[in-house]
Amino acid sequence: MIAGPCSVESEIQLNNAVEFLVSNGIKIIRAGVWKPRTRPGSFEGIGEAALPWLRDAALKHNVSFAIEVARPSHVELALRNGIDVLWIGARSTANPFTVQEIAESLRGTTLPVMVKNPTNPDLGLWIGAFERLNKAGVTELAAIHRGFSTYRKGRYRNNPMWEIPIELKRRIPEIPLIGDPSHIGGKRALIWEVSQKSIDLNYDGLMIEVHPNPEKALSDAAQQLTFEEFKTVKEKLAYRSGKIENDHFLNLLEGIRAQVDETDHEIIDALSRRMNLIRKIGAYKRDNNVSVLQMERWNKIMETRSEWAEKMDLNVDFILDIYNRLHTESIRNQTDIMNQKMEKI
Ligand code: PEP
Ligand code: MN
């Protein structure tokens, strides 16, 4: 568990947080020194002047600090001031030039580096950052999942899109995965829930923002936990085993998994039959000079499938999502068929 304020704001604020966190067993403290703000004019961090405060607090409390670095000069200052862990922020991960420069500046060092996911849901960019660091000889790496920006704000500040970090873990299992419920949730009330979900998905760690007086915080005021809230969240988290060791349970699970496999087979079979019908329709549309998209039919499909889903106790939005994907793929198939004729002409 990594915890600490979003930003260092003063030496008093820092020491206050450090004393509390250390007495609650935290061994790595996060503390933003340079803050990448989306718009200019807000607090951009204390900068270099905060580093001696961190260095002194680390010695006094025998604790490590993790800070964000966004350019080689930050790396150099962090190294000079005895910072133990670095992280690359979401906006920097999205920029290969920045990541490459940071990677070069780390050549020959042994500091662990955590890489936040890029702001956009691009797994390639995230993996690319690990590759750049690895090529520069940085081997102590970790991934931080902080969610993905969206234009329309939903329940979360940053859409978690859990499937992306899970796919990262599948592709590079040796990189520890750390959840950042603070930047995913964006508000105090969601921190426990997002943390628990990360634990249930076998994440290796969490990074949580904690502030002595969050309401007065100079950055991310809505999501930083008070000391009391942090204690409660920490106590309420339940750790479950990632491995199944109980034989009876394993047998039961295997039985149900076999049925899931069979059902998936049926689903793919049905999808293939559906697509063949769609192609047949595509050929008729082509031969009768009718356009691919028939809005009335599409509306009818969405309506009836919603009703069917509801009757079957399925989440309607979930089913509509699937149908939207099916429709896109059907249009792609039918467009191909239309173009075959065009090519012949
Ligand atoms: C932060 O950790 O305070 C921060 C700025 O995060 P991100 O890069 O995820 O936006
Ligand atoms: Mn923050």
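Residues numbered from 1 in each chain as written. Chains lettered and ligands numbered in written order. Predicted model: local features only at pLDDT ≥ 70, side-chain atom pairs only at ≥ 80, totals over all residues. Heavy atoms only, no water.

Undergrad: Teacher, can you tell me more about the overall build of the protein chain here?
TA: When helices and strands are tallied, the protein chain shows 13 helices and eight strands. Principal-axis analysis of the C-alpha atoms gives the protein chain an extent of 80 × 55 × 40 Å. Relative to its full complement of 345 residues, the protein chain shows a buried share of 43%. Intrachain contacts of the protein chain at a sequence separation of at least 6 include 71% that bridge at least 24 residues. Accessible surface, the protein chain as shown: approximately 19,500 Å² in total, 53% of it carbon and sulfur. Taken as two groups, the 46 positive and 46 negative side-chain charges of the protein chain have centres that lie 4 Å from each other. (Helix = DSSP H or I, 4+ residues; strand = E, 2+ residues; numbered from the N terminus. Buried < 20%, exposed > 50% of the residue type's maximum accessible area, 1.4 Å probe, protein only. Contact = heavy atoms within 4.5 Å. Areas by Shrake-Rupley, 256 points an atom, 1.4 Å probe, with all protein chains shown as cover. Lys, Arg positive; Asp, Glu negative; His and termini not counted. Charge placed at Lys NZ, Arg CZ, Asp CG, Glu CD.)

Undergrad: Help me out: how do you make sense of the pairing of strand β5 (residues 113-116) in this one?
TA: Burial along β5 is two-sided: V113 and V115 facing one way and M114 and K116 facing the other are all buried. Examined bridge by bridge, strand β4 (residues 85-88) and β5 share three bridges and lie parallel to one another. Of the residues in β5, the one forming a bridge with I88 is V115. Examined bridge by bridge, β5 and strand β6 (residues 141-145) share four bridges and lie parallel to one another. The partner of K116 across the bridge, within β6, is I144. (Pairing = 2+ DSSP bridges.)

Undergrad: Which parts of the structure should I look at to understand the site of ligand 1?
TA: Around ligand 1, a shell composed of C6, R30, K35, E68, W87, G89, A90, R91, K116, R146, H183 and E209 is seen. H183 places a side-chain nitrogen or oxygen 3.1 Å from an oxygen atom of ligand 1. Separating an oxygen atom of ligand 1 from a side-chain N or O atom of E209 is a distance of 3.3 Å. Relative to its unbound accessible area of 300 Å², ligand 1 is 97% covered by the protein chains. (Near = heavy atom within 4 Å. Polar contact = N/O pair within 3.5 Å; in protein donor to acceptor, adjacent residues only side chain to side chain.)

Undergrad: Sorry, what's going on with the sheet that holds strand β1 (residues 2-4) here?
TA: Pairing between sheet strands relies on hydrogen bonds along the backbone, with the strands arranged either parallel or antiparallel. Here eight strands make up a closed barrel; going around it, the order is β1-β2-β3-β4-β5-β6-β7-β8 and the pairing parallel. Recorded for the sheet is a direction-independent mean angle of 25° between the axes of neighbouring strands. The strands touched by helix α1 (residues 11-23) within the sheet are β1, β2 (28-30) and β3 (64-68), with β2 carrying the most contacts at an inclination of about 145°. (Axes fitted to C-alpha atoms, helices over the stretch in contact; angles between N-to-C directions.)

Undergrad: What is the right way to read the coordination of the manganese ion (ligand 2) from this model?
TA: Ideal coordination angles are 109.5 degrees for a metal with four donors arranged tetrahedrally and 90 or 180 degrees for a metal with six donors arranged octahedrally. Donor atoms from the polypeptide that coordinate the manganese ion (ligand 2) comprise C6 (SG), H183 (NE2), E209 (OE) and D220 (OD), at 2.0 to 2.4 Å from the metal. In primary sequence terms, the donor set of the manganese ion (ligand 2) follows C-x176-H-x25-E-x10-D. With H183 in helix α8 (residues 181-185) and D220 in the loop between β8 (205-209) and α10 (227-236), the pair connects residues that are 37 residues apart, well separated along the chain. A relative accessible area of 8% means that H183 is categorised as buried. (Donors = N, O, S within 2.8 Å, 3.2 Å for Na, K, Ca; no water.)

Undergrad: Explain the packing of helix α6 (residues 123-135) against helix α7 (residues 163-171) to me, please; I cannot follow it from the model alone.
TA: When two helices pack together, their arrangement is given by the angle between their axes and by how far apart the axes lie. Interhelical geometry of α6 versus α7 gives an angle of 45° and a closest axis separation of 10 Å. Taken together, the axis directions place α6 and α7 in an arrangement best described as oblique. For α6 against α7, the interelement crossing comes out right-handed. When α6 is examined against α7, the residues L123, W126, I127 and F130 are found in contact with a partner set consisting of I164, P165, E167, L168 and R171. Partitioned by chemical class, the residues of the contact of α6 with α7 number seven nonpolar, no polar and two charged. (Parallel < 35°, antiparallel > 145°, perpendicular 65-115°, else oblique. Left-handed = near helix turned anticlockwise from the far one by under 90°. Nonpolar A, V, L, I, M, F, W, Y, C, P; charged D, E, K, R; others polar.)

Undergrad: In this structure, what is going on with the environment of G154? I would like to understand it.
TA: Assignment of secondary structure puts G154 in the loop between β6 and α7. Put simply, G154 and R80 are 74 residues apart on the chain and 41 Å apart in space, counted from C-alpha to C-alpha.

Undergrad: What is the right way to read the domain arrangement of the protein chain from this model?
TA: Here the protein chain is described as being made up of domain 1 (2-236) and domain 2 (247-344). Centre-to-centre, using C-alpha coordinates, domain 1 lies 41 Å away from domain 2. (Domains from an automatic or database assignment.)

Undergrad: How should unusual backbone geometry be read in this particular structure?
TA: Across residues other than glycine, the phi torsion is negative in most instances, and most of the peptide bonds are trans. The phi dihedral of M161 falls on the positive side, at around 40°, and the residue is not glycine. Along the chain, M161 falls in the loop between β6 and α7. Not every positive phi belongs to a glycine, and D220 is a case in point at roughly 50°. Residue D220 is classed as buried on the basis of its relative accessible area of 15%.

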